[in-house]
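Understanding the architecture of this molecule
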Amino acid sequence: MPKQVTLVAIAALAALTFTARAQTAVAIDPPAVLFRALPGETVTASILVANPGAEAARVRVSLGDWMYQPDGQPVYLDPGSLPESASSWITFSPAEFVLEGHEKKVVRYTIEVPDDAETGTHWSVLFLQGEDPNALPGANIATFKLRVAHTIYVDVPPVQRDGRILGLAAVPPEQPDEPISIGIQYANTGNGAYAVTGTLEVRDAQGQVVGETTIDRTVVLPGATRVLVANFFGPLPRGDYVVLAVLNYGSETVDVAGQTVVSVPFDLVAPSRPPPAEGEASAEPPKNP
């Protein structure tokens, strides 16, 4: 039987159209799931759709593909655009319905994995868009629409997870209260989607660790390259330092590492205001099996 893993959270694959009239939004649970299924298997699942507002909302459901740009920005595509797309495997019902204020309904879908499905991770997304059910034809330009997404990952075994650091660069700050900015170019060289986590160490000329920071948990799709970003704040004396990045893609035995050298031209001080969140503000990626 296919195995299902419900994810805690994932990137908010949302599209907004600004309004002058009303806000129409829906909420979904769960936001994403990961299945494991063999070729020829069928998976059935459902999502709970809720209207948190007091006004009724018309909900339209559609399928799509998506991918990440290297900087982490999502790109939305027509269903079936990607070779790893699972969109053609999925049917759902209902495609359109009305949610009264504070009402909840269930959308069910079925995944039919083809007999000739390629191994590795395949993915798709169910978009749910809330609209004003009383909007007049041609008047939707004045209506606020919020599109949320339920992301579907399907692992067709065997799934191989592997990756490597292609490059690492550290840019010194221009002001003493600014951070050293570190960028890591990382490639997923396997056939499965997974989450990358990691740490950065800053070492002095004697090899002593003088500071460290974490790298945000980031999803990397198979065959894709992502740029992971982190900031290292002072205090730190002027001098030359080695920046070491250690990343993990879910393996219990293997890490990948890279390093570079950065010259800090002045003493760094602690920032005068709380530093911003490091890395990208993306959400929880799929849990690695």
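A brief structural summary.

Basis of the calculations
- Residues numbered from 1 in each chain as written.
- Predicted model: local features only at pLDDT ≥ 70, side-chain atom pairs only at ≥ 80, totals over all residues.
- Heavy atoms only, no water.
- Core = buried A, V, L, I, M, F, W, Y, C linked by side-chain atoms within 4.5 Å.
- Buried < 20%, exposed > 50% of the residue type's maximum accessible area, 1.4 Å probe, protein only.
- Helix = DSSP H or I, 4+ residues; strand = E, 2+ residues; numbered from the N terminus.
- Contact = heavy atoms within 4.5 Å.
- Phe/Tyr/Trp six-rings, centres within 6.5 Å; stacked < 30°, edge-to-face > 60°.
- Lys NZ or Arg CZ within 6 Å of the ring centre and 35° of its normal.
- Pairing = 2+ DSSP bridges.
- Axes fitted to C-alpha atoms, helices over the stretch in contact; angles between N-to-C directions.
- Salt bridge = Lys/Arg side-chain N within 4 Å of Asp/Glu carboxyl O.

Brief notes about the nonpolar core
Core analysis: the largest hydrophobic core is formed by 30 residues, its most contacted members being Val-49, Trp-89, Tyr-109, Ile-111, Leu-128 and Ile-152. Elements supplying a minimum of two residues to this core: strand S5 (32-36), strand S6 (42-50), strand S7 (57-68), strand S10 (96-99), strand S11 (104-112), strand S12 (120-131) and strand S13 (144-156). With five residues, the single largest contributor to this core is S13. Not counting residues within four places of it along the chain, the set of residues in contact with Trp-89 comprises Thr-110, Ile-111, Glu-112, Val-113, Pro-114, Ala-117, His-122, Val-154 and Val-156.

Some words on the packing of aromatic side chains
For the structure shown, the criterion picks out five aromatic pairs. Plain terms: the ring middles of Trp-66 and Tyr-153 are 6.4 Å apart, the flat faces sit at 85° to each other, and that makes the pair edge-to-face. Of the two residues, Trp-66 sits in strand S7 while Tyr-153 sits in strand S13, which places them 87 residues apart along the sequence. The burial state of Trp-66 is the same as that of Tyr-153; both residues are buried. Centre to centre, the rings of Tyr-76 and Phe-127 are 5.9 Å apart; their planes meet at 80°, and the pair counts as edge-to-face. Residue Tyr-76 is located in strand S8 (residues 74-77), and its partner Phe-127 is located in strand S12; the two are separated by 51 residues in the primary sequence. Ring pairing ties together the aromatic residues Trp-66, Tyr-68 and Tyr-153, which thus form one cluster. Above the face of the Tyr-76 ring, Arg-147 is positioned so that its terminal group lies 5.9 Å from the ring centre. The positively charged end of Arg-147 is found above the aromatic ring belonging to Phe-127, 3.9 Å away from the centroid.

Section: the sheet that holds strand S17 (residues 209-220)
With antiparallel pairing, the four strands of this open sheet are ordered in space as S17-S16-S19-S20. The sheet terminates laterally at S17 and strand S20 (256-264), the two strands that pair on one side only. Within this sheet the neighbouring strands show an average axis-to-axis angle of 20°, counted without direction. As paired strands, strand S16 (residues 194-203) and strand S19 (residues 239-248) are joined by seven bridges and run antiparallel to one another. Paired with Arg-203 across the strands is Val-242, a residue of S19.

Some points on the pattern of salt bridges
Inspection of the entire model under this criterion finds five salt bridges. Notably, a salt bridge pairs Glu-131 with Arg-60, separated by 2.7 Å at the nearest N-O pair. Note that Glu-131 is positioned in strand S12 and Arg-60 in strand S7, a separation of 71 residues in sequence. Taken together, the shared-partner salt bridges connect Arg-58, Arg-60, Glu-96 and Glu-131 into one network.

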